[in-house]
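Each chain, written out:
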Amino acid sequence: MDLLELLELRLFEENNLLKLKKWFVHFLFYLIYLLPVFCFAAGGDHSGGAHLDGSIENMGIVWVIPFAGILLSIAIFPLVLPDFWHHNFGKVSLFWATLLIIPFLIKEGISVTLYELLHVGLLEYVPFIILLLALFTISGGVRLTGTLVGTPIVNLIIIAIGTLLASWMGTTGAAMLLIRPLINANKHRKNKVHIIVFFIFLVANIGGSLTPLGDPPLFLGFLKGVSFFWTTSAMLLPMIIMVVALLIIFYFFDSYYVKKENIKIDTSGEKVKLGIEGVFNLGLILGVVGAVLISGFWKPHISFEVYRGVHLELQNITRDILLLGLTYASWTYTPQQIRIDNEYTWFPIVEVAKLFAGIFITIIPAIAILKAGTNGALAFIISSVSNESGPINMMYFWYTGILSSFLDNAPTYLVFFNTAGGDPLVLMGELKNTLLAISAGAVFMGANTYIGNAPNFMVKSISESSGIEMPSFFGYFFKWAIPILMPLFIIVSWLFFR
């Protein structure tokens, strides 16, 4: 290693260390800032419940405005004010969250407000970010080396491998593991957007169909009593149809763009055999899978009450501690040169953390209204999924899917799971097609937007950090998702749910 490389490595380490210290100071500041609130909550009246009433008498559709606002901000600002957005997306997220919290606090009072914020923060957002942080850090320490050129066949193979891995290491894990090798293999290409879009379709979403490890909604079903391999058998055929169709479409797209670019690839140079640097991190990814499985199978029935109705269960605390330990091990023991070669930065995880903090907060009224069922402002949705004859499976598929495209697909799955009765034995038995419709809608249609599933936004952010100009929120939805995915969804719904 020459002097220039040593200097680059040193600067990389010092820069990232400064960023880590800065974020840690910010975390301590917010913790100290919120400590009086938590102490007040802990010392308050703990009798009774503090759950949000989502009925139309208590909560009209106007409460969804902040959530719609943050979605429109994600869609519009990067398109019309990209520089402003790049430097202020965290402030925009905070603005919409504050716009909800202040009137929410005035209307519902401190008890309900604290319950909802602590519930979504400690039980959903923090585990969500810890899992993403672990997978992002660990996968960033793996580098595929060798002569790998992004031809249509090579790109097809990478995406197919990622699709197969997604069900067993999660869509987030598979996406974070393979997105950088895919980008590096296509550095010589002029047209790359379609490659990343199909990667999001398949690896970050549809590939996670076969096990509860694959996608958060399926994991929620597993926790509710759906057997581990029911998903594998039930989702296999719909997934195969979607995957085969999308891989064929991708191959023709990529072949067309290669011919259009007319790039002549120089194969006369020295070829380097394929290899993997940072193999140690592959073991850590297995550790992440194990930690998630522990939280699903291990039930010690020990919990710690943070606030009335908000309990931190021991298995979940253990999972998060293990994930943070694996993250630390990856960052500490992976040679930093690997991360330099991967063009690793913290920006994608910071962007996701700040934006999804606002999304998780502003989504609270929307989920409560849906949970209110026929008593809520969205009663027409709940009423339309069943009639006197029983559930209408096609409507379950489309409503679960469409709402999963714009809301978080995990709570959306749970809402319709409970709407269909919530009994896992019945849903795996006589109502198996209803459960299949809910599962397929949540997993497949998470690919419709950048926020439909967590890894979508991370793949977008990593791609943009590598210089790829990804389409805007609406550009992705209207130019890619609707014309490519919607016809396939129509075919799947006709084959399985009519």
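Remember, it's a predicted structure, so these values are computed and weren't measured experimentally. (Residues numbered from 1 in each chain as written. Predicted model: local features only at pLDDT ≥ 70, side-chain atom pairs only at ≥ 80, totals over all residues. Heavy atoms only, no water.)

Engineer: So what's going on with the confidence of the model for the protein? Which residues, and what values?
Structural biologist: When pLDDT drops low, the exact placement of atoms in the prediction is not to be read closely. Averaged over every residue, the pLDDT of the protein is 85; the share at 70 or more is 88%. Mean pLDDT values for the elements of the protein range from 49 in helix α1 (residues 3-43) up to 97 in helix α5 (residues 193-202). (pLDDT = per-residue confidence, 0-100. Helix = DSSP H or I, 4+ residues; strand = E, 2+ residues; numbered from the N terminus.)

Engineer: I'd like a description of the packing of α5 against helix α18 (residues 454-465), backed by residues and values.
Structural biologist: Look at α5 against α18: their axes get within 10 Å of each other, and the N-to-C directions meet at 160 degrees. As the angle between them shows, α5 and α18 are arranged roughly antiparallel. Crossing angle aside, the handedness with which α5 passes α18 is right-handed. Where α5 approaches α18, its residues Ile-196, Phe-199 and Ile-200 are matched on the opposing element by Asn-456, Val-459 and Ser-463. (Axes fitted to C-alpha atoms, helices over the stretch in contact; angles between N-to-C directions. Parallel < 35°, antiparallel > 145°, perpendicular 65-115°, else oblique. Left-handed = near helix turned anticlockwise from the far one by under 90°. Contact = heavy atoms within 4.5 Å.)

Engineer: Would you mind going over helix α3 (residues 82-139) in detail, with residue names and values included?
Structural biologist: For α3, spanning 58 residues, the distance from its first C-alpha to its last is only 28 Å, which falls clearly below the expected 86 Å at 1.5 Å a residue. Taking the largest bend as the criterion, α3 deviates by roughly 120 degrees, centred on Gly-109. (Expected span 1.5 Å × (residues − 1). Bend = angle between axes of the 7 residues up to and from the residue.)

Engineer: Summarise the pairing of strand β4 (residues 310-313); cite the residues concerned and give the values.
Structural biologist: As paired strands, strand β3 (residues 303-307) and β4 are joined by four bridges and run antiparallel to one another. Within the sheet, the bridge partner assigned to Glu-305 lies in β4 and is His-311. The turn linking β3 back onto β4 is made up of two residues, and Gly-309 within it adopts a positive phi angle of 90 degrees. (Pairing = 2+ DSSP bridges.)

Engineer: I'd like a rundown of the packing of aromatic side chains, residues and numbers included.
Structural biologist: As enumerated under the stated definition, the model contains 40 aromatic pairs in all. Geometrically, the ring pair formed by Phe-128 and Phe-356 is tilted, given 5.3 Å between the ring centres and 40 degrees between the ring planes. With Phe-128 in helix α3 and Phe-356 in helix α11 (residues 347-362), the pair connects residues that are 228 residues apart, well separated along the chain. Like Phe-356, Phe-128 is buried. Plain terms: the ring middles of Phe-477 and Phe-478 are 5.0 Å apart, the flat faces sit at 75 degrees to each other, and that makes the pair edge-to-face. Connected via pairs of aromatic rings, a cluster forms that spans Phe-198, Phe-201, Phe-250, Phe-253, Tyr-256, Tyr-257, Tyr-450, Tyr-476 and Trp-480. Across from the ring centre of Tyr-344, 4.9 Å away, lies the NZ or CZ of Arg-339, which sits over that ring. (Phe/Tyr/Trp six-rings, centres within 6.5 Å; stacked < 30°, edge-to-face > 60°. Buried < 20%, exposed > 50% of the residue type's maximum accessible area, 1.4 Å probe, protein only. Lys NZ or Arg CZ within 6 Å of the ring centre and 35° of its normal.)

Engineer: Break down α5 for me, citing the residues and quoting the values.
Structural biologist: α5 sits mainly inside the fold: nine of its 10 residues count as buried. Taken together, the buried positions of α5 are His-194, Ile-195, Ile-196, Val-197, Phe-198, Phe-199, Ile-200, Phe-201 and Leu-202. Those residues of α5 hidden inside the fold are in contact with α4 (152-185), α7 (230-261), α18 and α19 (473-496).

Engineer: Lay out the pattern of salt bridges in plain terms, naming residues and giving numbers.
Structural biologist: One side chain can pair with another of opposite charge once the charged atoms of both are near each other. On inspection of all chains with the given rule, the structure shows six salt bridges. Residue Arg-143 is joined to Glu-277 by a salt bridge in which the shortest nitrogen-to-oxygen separation is 3.7 Å. Residue Arg-143 is located in strand β1 (residues 143-145), and its partner Glu-277 is located in strand β2 (residues 275-277); the two are separated by 134 residues in the primary sequence. For Arg-143, a relative accessible area of 23% translates into the label partly exposed. (Salt bridge = Lys/Arg side-chain N within 4 Å of Asp/Glu carboxyl O.)

Engineer: Let's hear about the environment of Gly-275: which residues, and what values?
Structural biologist: Tracing the backbone shows Gly-275 in strand β2. Each C-alpha atom, one on Gly-275 and one on Leu-144, is 5.9 Å from the other, the two residues being 131 residues apart in sequence. The residues contacting Gly-275, other than those within four sequence positions of it, are Arg-143, Leu-144 and Thr-145.

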